[in-house]
Amino acid sequence: MTTEVPDPNRVLVIDDEESIHKLIAARLRAEGITVTGELDGVRGIARAITESPDLILLDVGLPSLDGFQVCRKLKEHPATRNIPIIFLTGDTTMDAKVRGLDMGAVDYVTKPFEQAELRARVRAGLRTKRLQDILERQSFLDGLTGLWNRPYLDQRLDSELNLAQRYGRPLGLMMADIDHFKNVNDTHGHLFGDIVLQGVAEELRSCARRSDIVARYGGEEFAVLLTDTPLSAGTFVGERLRVSVENRLFEFEDEPVAVTASFGLACTENLTGEVTREALIEAADRALFTSKDAGRNCIHICDGDRIVSVSGNESLFRSG
Amino acid sequence: MDPIRSVFEDDPDMIDIVREFVAGFPERMTTLEESLAKSDLAQLQSLAHQLKGAGGGYGFMQITEAAALVEAAAKDGSDLPMIKEKLGQLFEILRAVVVPEES
């Protein structure tokens, strides 16, 4: 799983003069910036929505829909609202500049532009975008563990369900819950509890596959979204996670503290009834509760109406 | 008039698009003339505006300055001989532009 923010470097130029597109592309190429262009506002808005560029250079004097109108529409649309806009203007009056900035543009460049100035203003605009990207990413991360948080999981679960159904692929969801976590907190204090949460999170993240989405679901509960994964493969992943948590060494005042987790796995292929986010979570939860009832530190899967034990404290997988 | 050269003609990032820009001058001049013949001052103004914005970026500040005068005259719109005169000066500049041969 990747939580890094890539460097923003895609610029969209909306200007009715094609020679301006070419000029900007030539001037920004050395910065590693890719430039696409549209000659009018309507197409420009459409492209901004589909491609979500990192920065828009917008001509004020466009035919039909002028630059200010285009700016307003971009700022109204949820998909383009946060893309920084720099106005390109041949108009050097104070009025036009102020109007553009008031409409939410981050900057303006007067045509004809000096290349050093263009580059510097574009760089500044992209820095703004990068900070926004980081903030957006932060808002989807769990502060304590660095895993994805619940809002991100909910959103991602919806989009992965759509993809899974469209392409007829299985989507697995594993719920994991640290065993007797309240005891850990009560016995060793909340600071140690935090260390356990972080340690378990690290095991889950490092032992999951790259394509898996590992999230803190809340409290001491975690969720792992397994894309393109049937129950059989998900079981193997789960067993690896369970063993890695069990083998993780936690120490409190130089004394080892045993930490384990219980797991429940469900897959879209094995649900009865309609496949929804709620149904998948409910099925994985049911399997998890069965693991708790069965003595913890084990995995159960939800296969249709049945909950089946697959590994762990009474497992076929465990030898010796 | 002395030959006019782009200040970027030695810039390898720029020379190809400078050539392309210059190759488009005859077509621009035709359209400008047509707008004047039709007395379509709005179009004339917009075409001059585009040249004004692009010229300097391609290293031809003289084009930006001359096109700005055409734009202003067309915007005012009252004095047709004045527009013609300014357009003539712009054309002289466009015709004086030279670019290095492709090697």
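Remember, it's a predicted structure, so these values are computed and weren't measured experimentally. (Residues numbered from 1 in each chain as written. Chains lettered and ligands numbered in written order. Predicted model: local features only at pLDDT ≥ 70, side-chain atom pairs only at ≥ 80, totals over all residues.)

### Some points on the overall build of chain B
Each helix and strand counted, chain B has five helices and zero strands in total. Beginning at the N terminus, the succession of helices and strands in chain B can be written as α-α-α-α-α. Over its C-alpha trace chain B gives a radius of gyration of 14 Å, about what one expects of a compact globule, namely 13 Å for 103 residues. The dimensions of chain B, computed from C-alpha atoms along their principal axes, are 45 × 20 × 20 Å. Taken across its 103 residues, chain B has 35% of its residues classed as buried. When contacts within chain B are restricted to residue pairs at least 6 apart in sequence, long-range pairs at least 24 apart make up 55% of them. (Helix = DSSP H or I, 4+ residues; strand = E, 2+ residues; numbered from the N terminus. Rg over C-alpha atoms; globule rule 2.2 N^0.38 Å. Buried ≥ 20, exposed ≤ 12 C-beta atoms within 10 Å, placed from the backbone. Contact = placed C-beta atoms within 7 Å.)

### Re the pairing of strand β7 (residues 213-218) of chain A
Residues and elements named next belong to chain A. Across five bridges, β7 lies against strand β8 (residues 221-227) in antiparallel orientation. Considered in β8, the bridge of Arg216 is made with Phe222. The turn linking β7 back onto β8 is made up of two residues, and Gly219 within it adopts a positive phi angle of 50 degrees. (Pairing = 2+ DSSP bridges.)

### Here's the deal with the packing of helix α2 (residues 41-51) of chain A against helix α3 (residues 67-76) of chain A
The axes of two packed helices give the description: the angle between them and the distance between them. All names here are of chain A. One can describe the packing of α2 onto α3 by two numbers: an axis separation of 10 Å at closest approach and a directional angle of 25 degrees. Looking at the two axes, α2 sits roughly parallel to α3. The hand of the α2/α3 crossing is right-handed. Along the contact surface, α2 presents Gly41, Gly44, Ile45 and Ala48, while α3 presents Gln69, Val70, Lys73 and Leu74. (Axes fitted to C-alpha atoms, helices over the stretch in contact; angles between N-to-C directions. Parallel < 35°, antiparallel > 145°, perpendicular 65-115°, else oblique. Left-handed = near helix turned anticlockwise from the far one by under 90°.)

### Details of the sheet that holds strand β5 (residues 107-110) of chain A
Pairing between the strands of a sheet comes from backbone hydrogen bonds, and it takes one of two forms, parallel or antiparallel. Residue and element names in this part refer to chain A. Read across the open sheet, the five strands follow the order β2-β1-β3-β4-β5; overall the sheet is parallel. Each of the sheet's edge strands pairs with one partner strand only, and the pair in question is β2 (34-38) and β5. Across the sheet, the mean angle separating the axes of adjacent strands is 20 degrees when strand polarity is ignored. Relative to β5, strand β4 (residues 85-89) runs parallel, the two being bridged by four bridges. Its bridge partner lying in β5, Ile86 is registered against Asp107. In this fold helix α5 (residues 115-138) packs onto β1 (10-14), β3 (55-59), β4 and β5, with an angle of close to 165 degrees to the strand it touches most, β5.

### A look at unusual backbone geometry
Residues and elements named next belong to chain A. Following Lys111, the chain continues into Pro112 via a peptide bond in cis, with omega recorded as -5 degrees. Tracing the backbone through its elements, the reader meets Pro112 in the loop between β5 and α5. Residue Ser52 is not a glycine yet carries a positive backbone phi of 30 degrees. Structurally, the position occupied by Ser52 is in the loop between α2 and β3. The phi dihedral of Asp254 is positive, around 65 degrees, even though this residue is not glycine. If you trace the backbone, Asp254 turns up in the loop between β9 (250-252) and β10 (255-257).

Read these as geometric descriptors, not functional statements.
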